[in-house]
Structures are given as structure tokens and as C-alpha cells.
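# Remarks on the overall topology
Spelled out from the first residue to the last, the chains are:
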2 protein chains.
Amino acid sequence: MLSRAEQQEAQRYAALQLAAAGIELRDDERSSIEVADFGLGRLNEVGLQVLVYVNTDRYCAKELVLSPHQLCPEHRHPPFDENPGKEETFRVRRGVVRLWVGDDEVVLQPGDQRTIPPDTLHRFQAGPDWAVVTEFSSTSRDDLDVFTDPQIDRTPRIAG
Amino acid sequence: MLSRAEQQEAQRYAALQLAAAGIELRDDERSSIEVADFGLGRLNEVGLQVLVYVNTDRYCAKELVLSPHQLCPEHRHPPFDENPGKEETFRVRRGVVRLWVGDDEVVLQPGDQRTIPPDTLHRFQAGPDWAVVTEFSSTSRDDLDVFTDPQIDRTPRIAG
């Protein structure tokens, strides 16, 4: 579980990286950045910072911020209701990102993008620098994500 | 109808504005920027530059670039097939944008965003500086757009 201080520090760093990428945030957005440690308590190794711009019942858009070498662990977006599962496009804005989709591995530079089909295992990791990735997708339901590591808890829990 | 030279000049300016907004483009994207004069032949007054990142059968994302005071004229995105029409979220990145949705008028600064329901008349115009607007949306079918001005032809036509 993250402490409030750890969460706030990660929010500040993520907001700085978004600013460095030329992305203007409103004040209310800075404090809304989600800091996910996936319940593992090793945020610098396994984690993700997320700013959600919009998430309707049709589409979603987010900025994903990764600290150096930070890994978003393997997961998939399963079908729900009438929805075949989330389809998503990652576009790298800053830094270098290694993306694994199934057995494929690719290294993405700024300006590169990839689309990940629904219900398909994938993970991604920043290179030696901070990375900023814009995610365009169908509707997002993070609470339904299925992670390969059974120890993972996607629900953000902040102490205190 | 735009000349090839006018199209290429507008592409170059749009790419410069995207770069100034911190948005990294690949070389193949720079020449794919759509320059729309809506068939009116007054690009500096009524027009739009569009970079499409992705457009699947579920979602779409674009950058919209407007020169100073350039207007994207009033239109709506009607239903098609099983689709209720395009829903879209505009987020201003650079410059100031005036947006009219139905009878409402709002001035958006960088970091501000608005979501426009399907099949709803809207138009938008840059302020005194160049503007960059990211559009997150459901699937885009520009060929189906319905413009209020019957003289408008949305299909890009480039001479020569």
C-alpha cells in the first residue's frame, strides 16, 4: 500500500514529466493523477501514473507516465457486457518504451504507436528515462483488468 | 480547390505548430496532414488542418490545427449504420479556441476540454494565435458530416 506522501510525490513527478512533454494540465488534474503500485509495494519497479482525460461509454483517452525502468505488468482487457474488451493505441510522446504484446516485443520511440487488440496479454516498460505515452482506446474499465501475476491488486489503495 | 503548393505550405505550418506544442511527428505523418478548405477556397478564413493518429471501428484520435482566426464551420456528425453518430472531446493544447455547441458559446484555454454529443451542431474558431486541439472520439466518418452551409464540400480536392 502506498502512503499519501508517496502518492503525492509520484503525482508531482508525473505532472513535471507531462509539463516537460509540453502537455498543459489544469490544477484540478494535477491532483487527480492516479498512482498505481498494483498492490506490490515496489512503485519504482512496478507501477504506473495515469491521467484520464475522458472515459465515456464509447471511448477513452489517458496519459500514462512511467519513471525510468518502471514496468506496467502483464495484463489483458477482457470482454464485458456487450463489449469485446478494451482496444487501445499507445503513442509514445517522450522517452523510449519497450512493449510486449503476446510473444512480440517492440521498442517504441517518440512518435511511434501500436494498437493492442482486446483481451490480449501485454506489458510495457520505460527505458532509462521517464516516458510519457498517450493512450487512445475504447471505453476503459481498469477494475476488470486481468493480470498474469496473481499477487496484483489493481485497485489503488492509499494509506492514511 | 487548393493547389498542391497551398496544401504543402499549410502542411508545413501545421507541422511547425504541432512541434511547437511538443508533439513529435514521424516523417510519414508530416506529409499525411489533411488540409481542408471545405471547397470554399478561403483556407485562411474557413479551414482546418488534421492529423489522424488512429481511427478504428471503435475510437479515433486526431490533432486539429487552426491558423489565427481560422474557422471550422458549423456541422454535425449524424448517425450511420448502428452508430448513433460521432461523439467527440476537444482538448485545447495551444492557443485559444472559441467553441459553439448549439446555442452555447465557450472560450477554451490550453488544458480546457469539452465533449460534444453526437448529431449536435457545432463550430470552432482559433483566436489571434495558432491553435492546436486534440480530438478524442468514437469512430470518425468525415465523409458523412452534415454542414449548415450548403456550399461546403468536405471532400478534400487538390489541384494538379
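Before any of the text, the structure's been laid out above.
My aim in this report is to walk through the structure given alongside it, one point at a time. (Residues numbered from 1 in each chain as written. Chains lettered and ligands numbered in written order. Predicted model: local features only at pLDDT ≥ 70, side-chain atom pairs only at ≥ 80, totals over all residues. Heavy atoms only, no water.)

## A closer look at the interface of chain A and chain B
Many descriptions give the size of an interface as the accessible area lost when the pieces come together. Worth spelling out the cut-off: Whether two residues touch is decided by their heavy atoms; if any such pair falls within 4.5 Å, the residues are in contact. Once two parts are joined, some of their accessible surface, as seen by a 1.4 Å probe, is lost; buried area is that loss totalled over both. In what follows, salt bridge is the name for a side-chain nitrogen of Lys or Arg lying within 4 Å of a carboxyl oxygen of Asp or Glu. By the criterion applied in these results, polar contacts are pairs of N or O atoms within 3.5 Å in which, for protein atoms, one can donate a hydrogen and the other can accept it, and in which residues neighboring in sequence qualify only through two side-chain atoms. Secondary structure elements follow DSSP: runs of H or I no shorter than four residues count as helices, runs of E no shorter than two count as strands, and numbering proceeds from the N terminus.
Taken together, the contact pairs 34 residues of chain A with 34 residues of chain B. Of the roughly 2400 Å² buried between chain A and chain B, counting both surfaces, carbon and sulfur atoms make up 45%. There are four salt bridges connecting chain A and chain B. A salt bridge links Arg-93 of chain A to Glu-63 of chain B, with the nearest nitrogen and oxygen atoms 3.9 Å apart. Here chain A and chain B share 24 residue pairs in polar contact (both at pLDDT 80 or more) between them. Residue assignment for the side of chain A that touches chain B shows that the elements contributing at least two residues are strand E2 (48-55), strand E3 (60-66), strand E5 (88-94), strand E8 (113-116) and strand E10 (131-137) of chain A. Among the elements that line the side of chain A that touches chain B, the one with the most residues is E5 of chain A, at five residues.

## Looking at the relation of the copies chain A and chain B
One copy of the chain maps onto the other through a rotation about an axis followed by a shift along the same axis. The condition is simple: The fit set for superposing copies consists of C-alpha atoms from residues with pLDDT of at least 70 in both; the fit itself is least squares.
After a rotation of 180° and a shift along the axis of 0.0 Å, chain A superposes on chain B with an RMSD of 0.0 Å. Accordingly, the operation relating the two chain copies is best matched by a two-fold axis. Taking C-alpha positions as reference, the residue of chain A nearest the rotation axis is Gly-22 of chain A, located at 2.4 Å. Same-surface contact between copies: 100% of interface residues of chain A are shared with the interface of chain B.

## Here we look at the pattern of salt bridges
Going by this rule: Only protein chains enter the accessibility calculation, which uses a 1.4 Å probe. A residue is then buried if its area is under 20% of the maximum for its type, exposed if over 50%, and partly exposed in between.
Going through the model one piece at a time under the given rule, you end up with 30 salt bridges over all chains. Between Arg-30 of chain A and Asp-27 of chain A there is a salt bridge; the shortest N-O distance is 2.9 Å. Of this pair, Arg-30 of chain A and Asp-27 of chain A are both found in helix H2 (residues 27-30), three residues apart, which corresponds to roughly one turn of the helix. Judged by relative accessible area, Arg-30 of chain A falls into the partly exposed class, the value being 35%. What makes Asp-27 of chain A exposed here is its relative accessible area of 62%. For Glu-29 of chain A, the salt bridge is made with Arg-91 of chain B, and the minimal N-O distance between the two is 2.7 Å. With Glu-29 of chain A in helix H2 and Arg-91 of chain B in strand E5 (residues 88-94), this residue pair bridges two chains. Each member of the pair Glu-29 of chain A and Arg-91 of chain B is classed as buried. Look at the salt bridges and you will find they share partners, linking Arg-26, Asp-28 and Glu-29 of chain A together with Arg-91 of chain B into a network.

## Let's talk about the packing of aromatic side chains
The line we're drawing: Aromatic rings from Phe, Tyr and Trp, with only the six-membered ring used for Trp, were paired whenever their centres fell within 6.5 Å, and each pair was classed as stacked if the ring planes differed by under 30 degrees, edge-to-face if by over 60, and tilted otherwise. Look at NZ for Lys and CZ for Arg. If either is within 6 Å of the ring centre and within 35 degrees of the ring normal, a charge sits over the ring.
Evaluated as defined, the whole model comprises nine aromatic pairs over all chains. Taken together, the ring pairs in this structure connect Tyr-53 and Phe-136 of chain A together with Tyr-53 and Phe-136 of chain B into an aromatic cluster. Of note, Arg-123 of chain A hangs over the ring of Trp-100 of chain A, and the distance from its end group to the ring centre comes to 4.1 Å.

## Re the side chain of Arg-58 of chain B
Using the following cut-off: The convention is simple: Lys and Arg are positive, Asp and Glu are negative, and His and the chain ends are not counted.
Here Arg-58 of chain B shows up in the loop between strand E2 (48-55) and strand E3 (60-66). Despite its burial, Arg-58 of chain B remains without a salt bridge, the nearest opposite charge being carried by Glu-87 of chain A at 4.7 Å. Among the polar contacts listed, one links the side chain of Arg-58 of chain B to the side chain of Ser-138 of chain A, at a separation of 3.4 Å.

## Structural notes on the sheet that holds strand E6 (residues 97-101) of chain A
Residues and elements named next belong to chain A. Keep this limit in mind: If DSSP finds at least two bridges between two strands, the strands pair.
Within the open sheet, the five strands sit side by side as E7-E6-E9-E4-E11. Their pairing is antiparallel. In this open sheet, the two strands that pair with only one neighbour each are strand E7 (104-108) and strand E11 (146-147). As defined by bridge partners, strand E4 (residues 71-76) adjoins strand E9 (residues 122-126) across three bridges and the pair is classed as antiparallel. In the strand pairing of E9, Leu-71 is matched with Gln-125.

## Some thoughts on helix H1 (residues 4-20) of chain B
Residues and elements named next belong to chain B. Test applied: Multiplying one less than the number of residues by 1.5 Å gives the expected span of a helix. The directions from the helix axis to the C-beta atoms form the arc being described.
Look at H1: 24 Å from first C-alpha to last across 17 residues, which is about the 24 Å you get at 1.5 Å a residue. For H1, every residue scored as buried is listed here: Gln-7, Ala-10, Gln-11, Ala-14, Ala-15 and Leu-18. Projection of H1 onto a plane perpendicular to its axis shows the buried side chains occupying an angular sector of 140°, all on one side. Turned more than 90 degrees away from the buried face of H1, the exposed residues are Ala-5, Arg-12, Leu-16 and Ala-20.

## A closer look at the sheet that holds strand E11 (residues 146-147) of chain B
Strand pairing in a sheet relies on backbone hydrogen bonds, with the paired strands running either antiparallel or parallel. Pairing within the open sheet is antiparallel, and its five strands lie in the order E7-E6-E9-E4-E11 (chain B). In this open sheet, the two edge strands, each paired with only one partner strand, are strand E7 (104-108) and E11 of chain B.

## With respect to the pairing of E3 of chain B
Residue and element names in this part refer to chain B. Within E3, seven of the seven residues are buried, leaving the element largely enclosed by the surrounding structure. A two-sided burial pattern is seen for E3, the buried positions comprising Cys-60, Lys-62, Leu-64 and Leu-66 on one face and Ala-61, Glu-63 and Val-65 on the other. Across six bridges, the pairing between E2 and E3 is antiparallel. If you follow Val-52 over to E3, its bridge partner there is Lys-62. What sits between the antiparallel neighbours E2 and E3 is a turn of four residues. Pairing between E3 and strand E10 (residues 131-137): seven bridges, direction antiparallel. What sits directly across from Ala-61, in E10, is Phe-136.

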